[in-house]
Amino acid sequence: MKKSLPYGHQWIEKCDIKEVAQILGSDWVTQGPKVEEFEKKVAKYCKAKYAVAVSSGTTALHVAYYSAGLKEGDEVITTPLTFAATSSCLVFLGAKPVFVDINRETLNIDPEEIEKKITKKTKAIAPVDFAGQPCNYDEILKIAKKHNLLVIEDAAHALGSVYNGKRVGGISDITILSFHPVKTITTGEGGMVLTNNKVFYERAKRFRNHGIVKYPQKGGWYYEIKEPAPNYRLTDIQCMLGICQLRKLEKFVTRRRQIVDIYNKAFKSVPEIRSIKEAGRVKSAWHIYPIQLALEKLSAGRKEIFERFQKEGIGVQVHYLPLHLHSFYSNKFNYKKGDFPNAEDYYERAITLPLFPKMKKSDIDFVIKTAKKIINNYKK
Ligand SMILES: *Cc1c(COP(=O)(O)O)cnc(C)c1O
């Protein structure tokens with residue numbers, strides 16, 4: 001089989017490689033001055049007061065939830081339509097993920113469903129900006145304030161997105177980012193915790209680094225362990241790459257938006273394909289481009305159509321099998337099929353097409369042409 005076009009891909013250029021190579025020859029290959037520089041730059045871009053760089057988006061979630069004080073027995077309201085990490089990091093701390101269904105248009109958590117699930121044990125809401133599109137934060141923050149809950153935003157898809165004139169990263173109590181290669185910018189593996197709250201910030205920094213607190217007045221060697229914690233540090237090598245990538249963030253976002261625009265226009269005339277609409281007051285950095293198939297109008301199921309895309313050389317994906325349908329969640333929390341009909345209906349129809357800034361015009365044309373050919377083939 002020929003090399004297929006992936007659904008997402010990093011864009012690393014000569015300038016990135018040159019600057020990262022310089023770090024390899026420096027004194028700092030673990031956590032050094034570039035970590036702080038990268039944190040400051042991301043915080044400034046997002047208009048957040050504090051930033052803590054960590055080893056992945058997943059560890060950023062673990063750090064964020066820990067810093068917010070989540071513990072055994074707490075409940076956190078989140079969406080079933082997300083990557084495993086949003087929820088598994090809650091389970092690491094003994095907290096319970098309480099899913100609520102998505103809005104069928106935006107595919108984000110439905111604020112109208114949130115209040116129904118709030119109990120005495122609820123401590124936080126963990127919304128996910130699906131595909132890059134920020135959630136309805138006016139509503140979510142209002143509910144959080146009314147019930148005294150924290151909002152911990154999983155913005156792994158949404159660095160560079162804007163809600164109501166505000167950049168993602170400066171909206172919620174705590175926001176996490178991922179720098180995995182398919183995300184907006186990359187550090188190889190990497191993530192970031194953003195907050196305006198000094199207490200959360202200090203807890204995050206401590207949790208990233210073994211729970212260590214230094215007391216220089218007691219001696220240069222002296223530190224205390226305040227709690228047992230992992231090593232979730234990011235390296236100067238990775239942060240140098242992050243700094244280079246951050247300079248290109250706006251260019252990346254513009255290109256992603258252009259490609260989405262081209263796709264949307266091309267599929268407008270194809271009633272069997274439904275694209276995600278950008279909600280009002282929102283500018284999405286578009287992390288992925290999931291289409292939804294009008295299966296009623298097609299003679300084949302999603303699986304057959306998915307496999308056809310793969311055979312044609314298009315590396316499609318499905319984002320995501322809703323979390324409540326995974327065996328762990330049904331076994332441990334009794335979730336079952338039928339619990340969240342909107343998330344399930346979306347999932348049954350979803351196929352993610354390639355979207356990344358380095359795509360050439362010929363790649364985009366190839367995806368559109370192939371998608372139209374496949375749909376035509378299975379038209380009822
Ligand atoms: C990618 C992703 C994560 C995890 O990030 P990693 O850097 O891969 O650990 C968490 N949540 C969502 C929604 C993601 O897409």
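Residues numbered from 1 in each chain as written. Predicted model: local features only at pLDDT ≥ 70, side-chain atom pairs only at ≥ 80, totals over all residues. Heavy atoms only, no water.

## Quick word on the overall build of the chain
Turning to step 1, where the next piece is worked out: Tallying secondary structure elements over the chain gives 13 helices and 15 strands in all.
Turning to step 2, where the next piece is worked out: For a compact globule of 380 residues, the expected C-alpha radius of gyration is about 21 Å, and the chain comes in at 21 Å, within 12% of that figure.
Turning to step 3, where the next piece is worked out: Expressed as a percentage of its 380 residues, the buried residues of the chain come to 56%.
Turning to step 4, where the next piece is worked out: Considering only residue pairs separated by 6 or more positions, the chain has 72% of its internal contacts joining residues 24 or more positions apart. (Helix = DSSP H or I, 4+ residues; strand = E, 2+ residues; numbered from the N terminus. Rg over C-alpha atoms; globule rule 2.2 N^0.38 Å. Buried < 20%, exposed > 50% of the residue type's maximum accessible area, 1.4 Å probe, protein only. Contact = heavy atoms within 4.5 Å.)

## A look at the pattern of salt bridges
Turning to step 1, where the next piece is worked out: Per the stated rule, a full pass over the model turns up 31 salt bridges.
Turning to step 2, where the next piece is worked out: Glu-37 is the partner of Lys-34 in a salt bridge, and the nearest nitrogen-oxygen pair spans 2.9 Å. Linking Lys-34 with Glu-37, this pair stays in helix α2 (residues 33–46), spanning three residues, or about one helical turn.
Turning to step 3, where the next piece is worked out: A relative accessible area of 27% means that Glu-37 is categorised as partly exposed.
Turning to step 4, where the next piece is worked out: Salt bridges here are not isolated pairs; linked through shared partners, they connect Glu-13, Asp-16, Lys-248 and Lys-251. (Salt bridge = Lys/Arg side-chain N within 4 Å of Asp/Glu carboxyl O.)

## Some details on the domain arrangement of the chain
Turning to step 1, where the next piece is worked out: The assigned domain composition of the chain is domain 1 (14–245) and domain 2 (249–377).
Turning to step 2, where the next piece is worked out: Here the C-alpha centre of domain 2 lies 26 Å away from the C-alpha centre of domain 1.
Turning to step 3, where the next piece is worked out: Each side of the interface is counted separately: domain 1 has 42 residues, and domain 2 has 36 residues.
Turning to step 4, where the next piece is worked out: Of all residues in domain 1, Phe-99, Arg-104 and Gln-133 bury the most surface against domain 2, accounting for 20% of the area lost on that side.
Turning to step 5, where the next piece is worked out: Across the contact surface, domain 1 and domain 2 share four salt bridges.
Turning to step 6, where the next piece is worked out: Inspection of the region where domain 1 meets domain 2 yields 26 residue pairs in polar contact (both at pLDDT 80 or more).
Turning to step 7, where the next piece is worked out: Every element with two or more residues in the side of domain 1 that touches domain 2 is listed here: α4 (84–92), β3 (96–99) and β6 (162–163).
Turning to step 8, where the next piece is worked out: Classifying every residue of the side of domain 1 that touches domain 2 gives 20 nonpolar, 14 polar and eight charged. (Domains from an automatic or database assignment. Buried area = accessible area lost by both parts, 1.4 Å probe. Polar contact = N/O pair within 3.5 Å; in protein donor to acceptor, adjacent residues only side chain to side chain. Nonpolar A, V, L, I, M, F, W, Y, C, P; charged D, E, K, R; others polar.)

## What to know about the state of the cysteines
Turning to step 1, where the next piece is worked out: With the rule as written, the count across this model stands at zero disulfides.
Turning to step 2, where the next piece is worked out: With no disulfide of its own, Cys-89 has Cys-135 as its nearest cysteine by sulfur position, at a separation of 18 Å.
Turning to step 3, where the next piece is worked out: With relative accessibility at 0%, the residue Cys-89 sits in the buried group. (Disulfide = S-S within 2.5 Å.)

## Structural notes on the sheet that holds strand β8 (residues 174–178)
Turning to step 1, where the next piece is worked out: What the seven strands build is an open sheet, ordered β1-β9-β8-β5-β4-β2-β3; its pairing is mixed. Taken across any chain shown, the strands that pair with only one partner, and hence form the sheet edges, are β1 (50–54) and β3. Within the sheet, the average angular offset between the axes of one strand and its neighbour, ignoring direction, is 25°.
Turning to step 2, where the next piece is worked out: By the bridge criterion, two bridges tie strand β4 (residues 122–126) to strand β5 (residues 150–154) in an arrangement that is parallel. Within the sheet, the bridge partner assigned to Ile-125 lies in β5 and is Val-151.
Turning to step 3, where the next piece is worked out: With respect to the sheet, α4 is in contact with β2 (75–78), β3 and β5, its orientation differing from that of β3 by roughly 145°.
Turning to step 4, where the next piece is worked out: Along the sheet face, helix α6 (residues 137–147) touches β4 and β5 and points at about 145° away from the line of β5. (Pairing = 2+ DSSP bridges. Axes fitted to C-alpha atoms, helices over the stretch in contact; angles between N-to-C directions.)

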